[in-house]
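Summary of structural features
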Amino acid sequence: MPSICLVIDGGSPFADTTSTVLSPLFDRVLRTGVGMPDLPELALDLDDDASWNRMSDALLRRYGALDALVFCAPPVDVPGGQVIARQWFALREMLRLLPEGERGVFLSQHLAPDDASPARAAAIEGQRIGMGAAVIDGIAMGRRPRANRLVLDEKAAPSAVAETVRFLCDARSAFLCGAEVALDATLSEGDSRLDGRTILITGATSGLGRAAAVLAGKLGAFVAIGGRKAPLAEETLAMVREAGGDGMVVPLDVTDASAWARGIESVVAARGALHGLVNNAGESVNRRLDQLTGDDLGFLLAVNYTGTVLGMDAALGALRASGGGSIVNVSSVAGIRGGPGAAAYSTTKAAVIGESLSRARALAGDTTRIRVNALQPGLIWSDSVADSLGEAGAQAFRARIEPQTPLGRVTTPEEVAEPLCWLLSEAAAPVTGQAIHVSGGLELNFP
């Protein structure tokens, strides 16, 4: 069957760009308000409930379920109440028009608020909460759409909008649900490749770190593989080379400031530059709060939080000397919504998010642009889960988490590596100071 995408054009200045970039991704892109003599219902009255119903009825008769629905927000002069209502209608029709299961894509675009526009800020907050509720309602209806938000500065570069829409609608964002990506007015100077860039990834000896290293190499990066276990680091390096990339092993204990200094120095000596840092190394201790000790918290703080801070401190000089770059700090959905047995782990991962956002603000005035973002995965299914919880414990944890995840499943290291590497690329040049969820929507429905 042909794949069909519907663009709800609310008058956004980016509707043309959005429709154009979606055309290669779907067999047919329909757009409301544009002459469709064979389907007059697409002349949608955005403020009329009956008009929305007529449109959806006509589309279901003609095409059955659609594959994607993109809502392009109204211009800034539309009152906030109307914007909220139109978004609500779009979310309702999402649950009517998209198919059962995980196939459907929903993307809602909004213009970023400013100090002079409280109505826009209210509309975005209303849509943020409304989307979460709609996604949860979708579970009961057997629909699990990848529903995400894109917030746009009015002066955002069309090329950057195009790259981000493409990312949020293709397979690279397969495990994003309930996430938000915001673009500032910075120009996007390239695509999602990493050719010629040198990237240091910690915790790259297994799981997400290894998957990110392999993908970064495949995308053209030179990958510095940071870790304490030399044999496993060499395995990762071989996988990077097999994928078509190249790299080096960097012995690194992330809790040791002098090890960081030596590691960064060795990368710059070998390559002459550093363009990206991924603070991925992390540990977990999963026990009830009354069963945890101060040593447990100290251990997690040293690796998860202090290791991230030391890495950023050590890398900033090299990134500036290289003309700027991107830092991605891997946190967790547990840093957003603490759950049972995660009182210490959640504390450290929430601190990673807070540090990332603060660093991004502090670096905003630099003439050399260094972007800092945090990434929040949900449950990544890999050998490390069983190593941490034991096989029986891991399976029990999975059985508890999957029904609470709006996309209905856990993810893989490779799925999370896709948005991570996108954030490292110049395609994401307008993205900084953000905490982006790659959790399948778990935080919407957990604990």
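Before reading further, recall that the structure is shown in the block above.
Residues numbered from 1 in each chain as written. Predicted model: local features only at pLDDT ≥ 70, side-chain atom pairs only at ≥ 80, totals over all residues. Heavy atoms only, no water.

1. Quick word on the sheet that holds strand β2 (residues 28–31)
Here is the rule we go by: Between any two strands, at least two bridges found by DSSP are needed for them to pair. Only DSSP runs of H or I reaching four residues or more are called helices, and only runs of E reaching two or more are called strands; each is numbered from the N terminus. For every element, the axis is a line fit to its C-alpha atoms; helices are fit only across the contacting stretch, and the angle between N-to-C directions ranges from 0 to 180 degrees.
Strands sit in the order β2-β1-β3-β4-β5-β6 across an open sheet of 6 strands; the sheet is parallel. Looking at which strands have only one partner, the edges of the open sheet turn out to be β2 and β6 (180–183). Taking the axes of each pair of neighbouring strands and ignoring which way they run, one obtains an average angle of 15 degrees across the sheet. Pairing geometry for strand β5 (residues 146–152) and β6, over 4 bridges, is parallel. Opposite Leu150, over in β6, you have Val181 as the bridge partner.

2. Concerning the sheet that holds strand β8 (residues 222–227)
Rule in force here: The contact definition used throughout considers only heavy atoms, calling two residues in contact when any of these lie within 4.5 Å.
A sheet is described by the order of its strands in space; here 7 strands give the open sequence β9-β8-β7-β10-β11-β12-β13, paired in parallel fashion. A strand with exactly one partner marks an edge of an open sheet, and here the two such strands are β9 (246–251) and β13 (434–438). Within the sheet, the average angular offset between the axes of one strand and its neighbour, ignoring direction, is 20 degrees. When strand β11 (residues 325–330) meets strand β12 (residues 370–377), the two strands line up parallel, connected through 6 bridges. Following the sheet pairing, Val328 is matched in β12 by Asn373. Along the sheet, helix α10 (residues 343–363) contacts β11, β12 and β13; its crossing angle with β12, the most-contacted strand, is approximately 160 degrees. Along the sheet, helix α13 (residues 413–424) makes contact with β7 (198–201), β10 (276–279), β11, β12 and β13, crossing β12 at roughly 170 degrees.

3. A few points about the environment of Ala160
How we decide: Exposure categories follow from relative accessible area, calculated using a 1.4 Å probe and restricted to protein chains: below 20% of the type maximum is buried, above 50% is exposed, and the middle band is partly exposed.
Positionally, Ala160 belongs in helix α5 (residues 158–169). Exposure remark for Ala160: the relative accessible area of 1% places this residue in the buried category. In the structure, Ala160 is positioned 90 residues away from Val70 in sequence and 17 Å away in space, judged by C-alpha atoms. Not counting residues within four places of it along the chain, the set of residues in contact with Ala160 comprises Leu183, Ser188 and Pro430.

4. With respect to the side chain of Ser56
Note that Ser56 resides in helix α2 (residues 49–63). Among all residues touching Ser56, those that are not within four sequence positions of it are Glu93, Arg96 and Leu97.

5. Brief notes about the nonpolar core
Note the cut-off: Nonpolar core, defined: a set of buried Ala, Val, Leu, Ile, Met, Phe, Trp, Tyr and Cys residues in which side-chain atoms within 4.5 Å join the residues together.
Grouped together as the largest cluster of nonpolar side chains are 94 residues, with contacts concentrated most on Leu6, Ile8, Leu22, Leu59, Met94, Phe106 and Leu420. Leu6 has contacts with Leu30, Arg31, Thr32, Leu42, Met55, Leu59, Leu66, Ala68, Leu69, Val70 and Leu97, leaving out every residue within four places of it along the chain. Counting 26 residues, the second largest nonpolar core, distinct from the first, contains Val303, Ala315, Leu319 and Ala360.

6. Quick word on the packing of helix α8 (residues 257–271) against helix α9 (residues 294–321)
What counts is decided by this rule: Handedness of a crossing follows from how the near helix is turned relative to the far one, being left-handed for an anticlockwise turn of less than a right angle and right-handed for a clockwise one. Three categories are distinguished: nonpolar for Ala, Val, Leu, Ile, Met, Phe, Trp, Tyr, Cys and Pro, charged for Asp, Glu, Lys and Arg, and polar for the others, with Gly belonging to the last.
Two numbers describe how α8 lies on α9: the axes approach to 9 Å, and their chain directions differ by 35 degrees. Considering only the axes of α8 and α9, their crossing is right-handed. Facing Ala257, Trp260, Ile264 and Val268 of α8, the residues of α9 in contact are Gly307, Leu310, Gly311, Ala314, Ala315 and Ala318. The class makeup of the residues in the contact of α8 with α9 is 8 nonpolar, 2 polar and no charged.

7. Re the state of the cysteines
As used in these notes, a disulfide is a covalent bond between sulfur atoms, one from each of two cysteines. Stated precisely, the cut-off is as follows: A pair of cysteine sulfur atoms is labelled a disulfide when the two atoms are within 2.5 Å.
Taken as a whole, this structure holds 0 disulfides when the rule is applied. The thiol of Cys72 is unpaired, and the distance to the nearest cysteine sulfur, on Cys5, comes to 9.2 Å. Overall, the relative accessible area of 0% leaves Cys72 in the buried class. Here Cys177 stays unpaired: no disulfide links it, and the sulfur of Cys169, its closest cysteine neighbor, is 13 Å away.

8. Describing the pattern of salt bridges
To be explicit about the condition: Each reported salt bridge corresponds to a side-chain nitrogen of Lys or Arg within 4 Å of a carboxyl oxygen of Asp or Glu.
The final tally for this structure, using the stated rule, is 27 salt bridges. Residues Arg241 and Asp246 are paired through a salt bridge, measuring 2.9 Å at the closest nitrogen-oxygen approach. Under the relative-accessibility criterion, Asp246 is labelled partly exposed at 35%. The partner of Asp290 in a salt bridge is Arg288, with the nearest N and O atoms 2.6 Å apart.

9. Section: empty space enclosed by the protein
Spelled out, the test is: Here a cavity denotes grid points, spaced 1 Å and computed from the protein atoms alone, that fit a 1.4 Å probe unable to get out, and a pocket denotes an open set having protein on both sides within 12 Å along at least 5 of 7 lines; residues with an atom within 4 Å of a point are the lining. Grid points are joined across faces, edges and corners, and a volume is the space filled by probe spheres set on the points.
Counting across every chain of the model gives 1 cavity of 30 Å³ or more. Of the volumes computed, that of the largest cavity is approximately 120 Å³. Taken together, 14 residues line the largest cavity, and the ones lying closest to its centre are Pro74, Val83, Leu111, Arg120 and Ala123. Ranked by the residues each element gives to the lining of the largest cavity, the list is headed by helix α4 (residues 118–140), at 4 residues.

10. Description of the environment of Gly244
By the secondary structure assignment, Gly244 is in the loop between α7 (230–242) and β9. Measuring from C-alpha to C-alpha, the distance between Gly244 and Leu215 comes to 9.6 Å, with 29 residues separating the pair along the chain.

11. Quick look at the packing of helix α1 (residues 15–22) against α5
Counted only if it meets this: Throughout, the term roughly parallel applies to angles under 35 degrees, roughly antiparallel to angles over 145, roughly perpendicular to angles from 65 to 115, and oblique to all others.
Across the interface, α1 lies against α5 with an axial gap of 9 Å and an inter-helix angle of 50 degrees. Between α1 and α5, the angle is such that the two are oblique. In the crossing of α1 with α5, the sense of the turn from one axis to the other is right-handed. Counting all contacts with α1, which are made through Thr17, Thr18, Val21 and Leu22, the residues of α5 involved are Pro158, Val161, Ala162, Val165, Arg166 and Cys169. Class assignment for the residues of the contact of α1 with α5 results in 7 nonpolar, 2 polar and 1 charged.

12. Looking at the pairing of strand β1 (residues 4–9)
Inclusion rule: The crossover handedness rule: strands pointing away from the viewer, path from first strand over the helix to second strand clockwise, crossover right-handed.
Across the 6 residues that make up β1, a large majority, 5, are buried. Where β1 meets β2, 4 bridges bridge the pair, whose relative direction is parallel. Within β2, the position partnered with Ile4 by the bridge is Arg28. Assessed by its sense of winding, the connection that carries the chain from β1 through α1 to β2 is right-handed. Note that β1 and strand β3 (residues 68–72) share 5 bridges and pair parallel. In the sheet register, Asp9 faces β3, and the bridge partner there is Cys72.

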